[in-house]
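Fold and geometry: a report
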Amino acid sequence: MKKVKDTTWLDTYLRPAFKRAFTHLVMMSKDLYLKESNVFELFGLDFMLDDDLNLWFIECNASPVF
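Residues numbered from 1 in each chain as written. Predicted model: local features only at pLDDT ≥ 70, side-chain atom pairs only at ≥ 80, totals over all residues. Heavy atoms only, no water.

**Observations concerning the pattern of salt bridges**
Evaluation of the coordinates by the stated rule reveals 1 salt bridge. D11 is paired through a salt bridge with R15; the nearest N and O atoms lie 2.3 Å apart. On the criterion of helical spacing, the pair formed by D11 and R15 is a turn pair, its members being 4 residues apart in helix α1 (residues 9-29). (Salt bridge = Lys/Arg side-chain N within 4 Å of Asp/Glu carboxyl O. Helix = DSSP H or I, 4+ residues; strand = E, 2+ residues; numbered from the N terminus.)

Okay, structure coming up:
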């Protein structure tokens, strides 16, 4: 049984939901970022989809292990 019946679901729901979540997370923690232009920071973000295909943020790791 398919949950996604709309062929544009990825563009109309999932990508905008990720964008809203990323924007919210950046705005919440913007004061903690390094202010130097010669460095970058890498973050690992974990999300999940529930049975109704709602996107949920799980956690953010400031230094993810590869």
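**Some words on the packing of aromatic side chains**
Applying the stated criterion across every chain, the model contains 5 aromatic pairs. Where F18 meets F47, the ring centres are 5.0 Å apart and the plane angle is 85 degrees; that geometry is what we call edge-to-face. Residue F18 is located in helix α1, and its partner F47 is located in strand β1 (residues 44-49); the two are separated by 29 residues in the primary sequence. When the centroid spacing of 5.7 Å and the interplanar angle of 85 degrees are considered together, the rings of F22 and F47 count as edge-to-face. Of the two residues, F22 is situated in helix α1 and F47 in strand β1; the sequence distance between them amounts to 25 residues. You can call F22 partly exposed: its relative accessible area is 36%. Put simply, the rings of F18, F22, F47 and F57 touch in pairs and so form one group of aromatic residues. (Phe/Tyr/Trp six-rings, centres within 6.5 Å; stacked < 30°, edge-to-face > 60°. Buried < 20%, exposed > 50% of the residue type's maximum accessible area, 1.4 Å probe, protein only.)

Note that every value here comes from positions in space, so none of it alone points to a role or purpose.
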